[in-house]
Amino acid sequence: MNRITRRTDYLAANSGKRVAMPGFVLLVHRRDDGDSAVRLGITVTKKIGGAVVRNRMKRRFRELARALLPERGVAGADHVLIGRAGGVERDYGLLGEELAKALDRARR
């Protein structure tokens, strides 16, 4: 799984499919570049909290994505997780279930 690093890729993902969950918003954008790699981007704004809180949320999202994206992600698409205010306090197992549900919705 590759990471999204360029701002233009994040902006392009914003025009893709959007699935909102209580702890995060998932954006899925098909790249149509012939590459079947699944790419991941994570963004958490300062509204969520300080650096410690934001980094903790990003670590949790990375682990969930590492577990779920290879089999449930959309091949050849960019996946962007945007943290929401309630995401840090949510149970890790519950976040995993929500991400699985969001990926299934995005695939349809």
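See above for the structure.
What you see is a predicted model, and the numbers here were worked out from it, not measured in a lab.

(A) Looking closely at the packing of helix α2 (residues 51-72) against helix α3 (residues 92-107). Packing of α2 against α3 brings their axes to within 10 Å, and their N-to-C directions diverge by 40°. By the angle between their directions, the pair α2 and α3 is classed as oblique. Note on packing geometry: the crossing formed by α2 with α3 is right-handed. Contact residues: α2 offers R60, F61, E63, L64, A65, L68, L69, E71 and R72, while α3 offers Y92, L95, G96, L99, A100, L103, D104 and R107.

(B) Geometry of the side chain of H79. Structurally, H79 is set in strand β5 (residues 77-83). At 3.5 Å, the side chain of H79 forms a polar contact with the backbone oxygen of A77. What H79 contacts, discounting residues up to four positions off in sequence, is I4, L26, L27, V28, V38, R39, L40, G41, L69, G73, V74 and L103.

(C) Local environment of α3. With 16 residues, α3 ought to run about 22 Å at 1.5 Å a step, and its terminal C-alpha atoms sit 23 Å apart, in line with that. Between the side-chain oxygen at the start of α3 and the backbone nitrogen of G93 there is a gap of 3.3 Å, and the oxygen is on D91.

(D) Seen up close, the environment of R66. By the element assignment, R66 lies in helix α2. Owing to a relative accessible area of 47%, R66 belongs among the partly exposed residues under this scheme.

(E) Focus on the packing of aromatic side chains. Applying the stated criterion across every chain yields a total of one aromatic pair. Aromatic side chains F24 and F61 sit 5.9 Å apart centroid to centroid with 80° between the ring planes, which places their arrangement in the edge-to-face category. Remark: F61 occurs in helix α2 and F24 occurs in strand β3 (residues 24-30); sequence separation between them is 37 residues.

(F) Local environment of the sheet that holds strand β2 (residues 17-20). With mixed pairing, five strands are arranged side by side in an open sheet as β1-β4-β5-β3-β2. Each edge of the open sheet is held by one strand with a lone partner, namely β1 (2-3) and β2. Pairing of β1 with strand β4 (residues 39-43) involves two bridges; the strand directions are parallel. Residue pairing across strands places R3 opposite L40, the latter belonging to β4. In the packing of α2 onto the sheet, contacts are made with β1, β3, β4 and β5, and the angle to β4 comes to roughly 160°. Together, β2, β3 and β5 form the strand contacts of α3, whose direction differs from that of β3 by roughly 30°.

Cut-off values and rules
- Residues numbered from 1 in each chain as written.
- Predicted model: local features only at pLDDT ≥ 70, side-chain atom pairs only at ≥ 80, totals over all residues.
- Heavy atoms only, no water.
- Axes fitted to C-alpha atoms, helices over the stretch in contact; angles between N-to-C directions.
- Helix = DSSP H or I, 4+ residues; strand = E, 2+ residues; numbered from the N terminus.
- Parallel < 35°, antiparallel > 145°, perpendicular 65-115°, else oblique.
- Left-handed = near helix turned anticlockwise from the far one by under 90°.
- Contact = heavy atoms within 4.5 Å.
- Polar contact = N/O pair within 3.5 Å; in protein donor to acceptor, adjacent residues only side chain to side chain.
- Expected span 1.5 Å × (residues − 1).
- Buried < 20%, exposed > 50% of the residue type's maximum accessible area, 1.4 Å probe, protein only.
- Phe/Tyr/Trp six-rings, centres within 6.5 Å; stacked < 30°, edge-to-face > 60°.
- Pairing = 2+ DSSP bridges.

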